[in-house]
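Here is how the chains run, residue by residue.
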Amino acid sequence: MNPVTVPFEDMLRARMSSPCFPISRSVYLNDPRGGPQGVSGLIVAPEKVADVSFILARCNDAQIPVIPFGGGTGLVRGQLFGEPMRPVILSLERLNKIRGIYPSENVMSVEAGVTLADARREAERFDRTFPLSLASEGTAQVGGNLATNAGGVHVLRYGSARNLCLGIEAVLPNGKVMNGLSRLRKDNTGYDVKSLMIGSEGTLGIITAASLSLVSSSTNEGTAFFSVPSPKAAVALFVQTQFQIGDNIRAFELIHRQGLEFLKETVPQTRLPFSDCPDWTVLMDIGVPRSVDPQALLIDLYEDSQKADLVGNAIIARSQKERDQFWSVRENIPEANRRIGSVSSHDISVPLSAIPDFLERAQQKVAEFGDLRINCFGHIGDGNLHYNVFPAKGKSRKQYHDIRGSIRRAVYELVNEFGGSISAEHGIGRQKVAELERFGDATKLALMREIKNQIDPNGIMNPGALFSCAHDVNGSSE
């Protein structure tokens, strides 16, 4: 591939149908977790799909790499590119229009640069909800959410981004536009190409718009914190909750005491649910019809679970303000982690019933590396754990640099042993390519490469993401 040259940049400037070059450059090169910066030869932010088509076609002809850029909140360096090649970074920030909302269909069509928060606000104007929920919703964009198949706290009830998308419009590497912005829930006309694009992390083309599935807002919501004696009890509580509340569970989050201690240390304004931090806590969120009292359901669940010795104390939110306070605890834990500075972080999933045994074995493995702290939290209802290893109190991550890779390998080997995934919701990016090649199914990986080669024969789309590439960014662990 070739780098961006001055004549190529001048050609784009002369041919674009609208101004498309942002003023600031730094935001497009920064890693949210403080790793090495990426590089670029040119940053463009087109306003029209036709401009995206033109850019990709010209880059494809010139064999210049293109890095799609959404909100920049990706955590596996999929939006950052390393030396020596200098690519075009194509930001979707100006493709930010709401194209239409269809309340009777529970569908909304938006451009890729619409932030998740704006999409959710637009749906709320029509008494609807777009249920994808991420802490970074103010910055994360719909296109990026789809490109990475984002998960979040409500996967248990509504599924990941793929489950919430009915159709997409995308531009292929050769500049051709795929007009698949369907609002249909039944369309049995061959391959599901949109699902191929979703989760492809920008390696097959650029998603420019999407039709999203909405749900009615006419529900009563209930939120509660339960202290539990162990992960085994938390899994049993989840099973009990399913039995009593059914598929009205919207979120079921497991939080370790270490996360609450980190909040005390680094985000002290966060109001914690219990004065003494329990070893394990469950944050539960339910949504039920207007005719049902969610607090009554949660009280009944607590009483029955207490009799079964599954829970200790509980706090049930009595207002929206309290619900927001409860969720601020969960949403601030990643920020607390960032301020402490992890030695090695892992976005993983294991089968639900295997979580207690996995956590016990993982703790033993990490202890072999010395004095370290573990902050484990995540979406236990769908088996997704954020298993993060931190320095001992008073030490810095730099002091553990020599063993970081060994910790990472040990955790992923254990995940593989339990039949889990090395990437539950963050994707592969450039950070987990080696692990994907090591633990992924060989036949599946070969098929992925064949698809990539057919759609992007010149390899211009986000090279180094998902597949190994010489021009990688050597970042820190996830």
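The rules behind the values
- Residues numbered from 1 in each chain as written.
- Predicted model: local features only at pLDDT ≥ 70, side-chain atom pairs only at ≥ 80, totals over all residues.
- Heavy atoms only, no water.
- Phe/Tyr/Trp six-rings, centres within 6.5 Å; stacked < 30°, edge-to-face > 60°.
- Helix = DSSP H or I, 4+ residues; strand = E, 2+ residues; numbered from the N terminus.
- Buried < 20%, exposed > 50% of the residue type's maximum accessible area, 1.4 Å probe, protein only.
- Disulfide = S-S within 2.5 Å.
- Pairing = 2+ DSSP bridges.
- Axes fitted to C-alpha atoms, helices over the stretch in contact; angles between N-to-C directions.
- Contact = heavy atoms within 4.5 Å.
- Core = buried A, V, L, I, M, F, W, Y, C linked by side-chain atoms within 4.5 Å.

Asker: Explain the packing of aromatic side chains here, please?
Answerer: Both the distance between ring centres and the angle between the ring planes are used here to describe each pair of aromatic rings. According to the stated counting rule, one finds seven aromatic pairs in the structure shown. Taking the centre distance of 6.1 Å and the plane angle of 40° together, the rings of F226 and Y302 count as tilted. Of the two residues, F226 sits in strand β11 (residues 219–228) while Y302 sits in helix α9 (residues 294–307), which places them 76 residues apart along the sequence. Y302 shares its class with F226; the two are buried. Pairwise contacts between aromatic rings join F225, F274 and F326 into one cluster.

Asker: Mind showing me how you'd approach the state of the cysteines here?
Answerer: Covalent bonding between the sulfur atoms of two cysteines is what defines a disulfide. Under the defined criterion, the tally for this structure stands at zero disulfides. For the unlinked cysteine C277, the closest cysteine sulfur is that of C376, found at 16 Å. Since its relative accessible area comes to 13%, C277 is described here as buried.

Asker: Mind showing me how you'd approach the pairing of strand β13 (residues 280–289) here?
Answerer: Along any regular strand the residues' side chains alternate between the sheet's two faces. With nine of ten residues buried, β13 is to be regarded as a mostly interior element. The pairing of β11 with β13 spans ten bridges and is classified as antiparallel. Across the sheet, the residue bridging to E221 is G287, located in β13. By the bridge criterion, seven bridges tie strand β12 (residues 249–256) to β13 in an arrangement that is antiparallel. In the sheet register, H256 faces β13, and the bridge partner there is W280.

Asker: Mind showing me how you'd approach the sheet that holds strand β1 (residues 42–44) here?
Answerer: Backbone-to-backbone hydrogen bonds pair the strands of a sheet. The strands run either parallel or antiparallel. Strand order in the open sheet formed by three strands is β1-β3-β2, with parallel pairing between adjacent strands. Since the sheet does not close on itself, it has two edges, and those belong to β1 and β2 (66–69), each with one partner. Ignoring strand direction, the axes of neighbouring strands in this sheet form an average angle of 20°. Sheet analysis places β2 next to strand β3 (residues 88–91), joined by four bridges and oriented parallel. Each residue of the ladder has a partner; that of F69, found in β3, is S91. Helix α2 (residues 49–62) contacts β1, β2 and β3 of the sheet and is inclined by roughly 165° relative to β3.

Asker: It is not clear to me how unusual backbone geometry should be interpreted in this structure. Could you clarify?
Answerer: With glycine set apart, most residues show a phi of negative sign, and most peptide bonds adopt trans. Positive phi values are uncommon outside glycine, yet N106 reaches one of about 55°. Take N106: its relative accessible area is 22%, and that puts it in the partly exposed class.

Asker: I tried to follow the nonpolar core on my own but got confused; where do I start?
Answerer: Taken as a class, soluble globular proteins show a tendency for nonpolar side chains to be buried jointly. The biggest cluster of nonpolar side chains holds 54 residues, and the ones touching the most others in it are F226, L237, V282, M284, F358 and Y387. When residues in this core are grouped by element, the largest group, six residues, is from helix α7 (residues 231–245). For F358, the contacting residues outside a window of four places in its chain are I348, V350, L385, Y387, L414, V415 and F418. Grouped together as the second largest cluster of nonpolar side chains are 26 residues, A123, Y158, A161 and A170 included.

Asker: Please clarify how the environment of L301 should be interpreted in this entry.
Answerer: On the secondary structure map, L301 appears in helix α9. Judged by relative accessible area, L301 falls into the buried class, the value being 0%. Sequence separation of L301 and I245 is 56 residues, and the distance between their C-alpha atoms is 8.4 Å. Leaving out residues up to four positions away in the same chain, L301 has contacts with F226, L237, Q240, T241, Q244, I245 and M284.

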